[in-house]
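The chain contents come next:
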Amino acid sequence: QVQVVESGGGLVQAGGSLRLSCAASGNIFSINAMEWYRQAPGKQRDLVARITRAGTTTYADSMKGRFTLSRDNTKNTVYLQMNSLKPEDTGVYYCNARIRTPLAPIESDYWGQGTQVTVSS
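All figures in this text were calculated on a predicted structure; none of them were measured in a lab.

**Student:** How should the state of the cysteines be read in this particular structure?
**Tutor:** Cysteine pairs can be covalently joined through their sulfur atoms, and such a bond is termed a disulfide. Tallying each qualifying case throughout the model produces one disulfide. C22 shares a disulfide with C95; S-S distance 2.0 Å. What sets the handedness of the C22 and C95 disulfide is the S-S torsion sign, and at about -80° it is left-handed. Placement of C22 in strand β3 (residues 18-26) and of C95 in strand β9 (residues 91-100) is noted, with a sequence separation of 73 residues between them. Note on C95: relative accessible area 0%, which makes it buried.

Here it is as structure tokens:
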């Protein structure tokens, strides 16, 4: 059994900051990339940022310079530091972890339940 749990969402004013966490636990052999997605009301789920096991990061264009994704492999946890937040950053933020379990030959995607981020103007 594998669990992916997000935390850290909330309500913040425009220009403020939030730090999201995503922790994977359970019967894990290895974790490759970990990712954050955002889903705004009535819209599709879009990639926000990705970090590889080695720590290489990529960001959506609208997040560059404002968001920072980091990773602690000893804790199977990633952290998304979000600064200079804008109302358009509002949405449910989901974490996805590409995990291989001990008996599985390949990785699978494991999603968290999501955490709400609301940025007021």
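Text resumes after the structure shown.
**Student:** Would you mind going over the nonpolar core with me for this structure?
**Tutor:** Nonpolar side chains tend toward joint burial in soluble globular proteins. With 26 residues, the main nonpolar core has W36, L80, M82 and Y93 as its most contacted residues. Only β1 (2-7), β3, β4 (30-39), β5 (45-51), β7 (67-72), β8 (77-82), β9 and β11 (115-120) provide two or more residues apiece to this core. Those residues in contact with L80 that lie beyond four places of it in its chain are L18, R19, L20, W36, V48, A49, F67, T68, L69 and Y93.

Conventions adopted
Residues numbered from 1 in each chain as written. Predicted model: local features only at pLDDT ≥ 70, side-chain atom pairs only at ≥ 80, totals over all residues. Heavy atoms only, no water. Disulfide = S-S within 2.5 Å. Helix = DSSP H or I, 4+ residues; strand = E, 2+ residues; numbered from the N terminus. Buried < 20%, exposed > 50% of the residue type's maximum accessible area, 1.4 Å probe, protein only. Core = buried A, V, L, I, M, F, W, Y, C linked by side-chain atoms within 4.5 Å. Contact = heavy atoms within 4.5 Å.

Any functional reading would require information that these geometric values do not contain.
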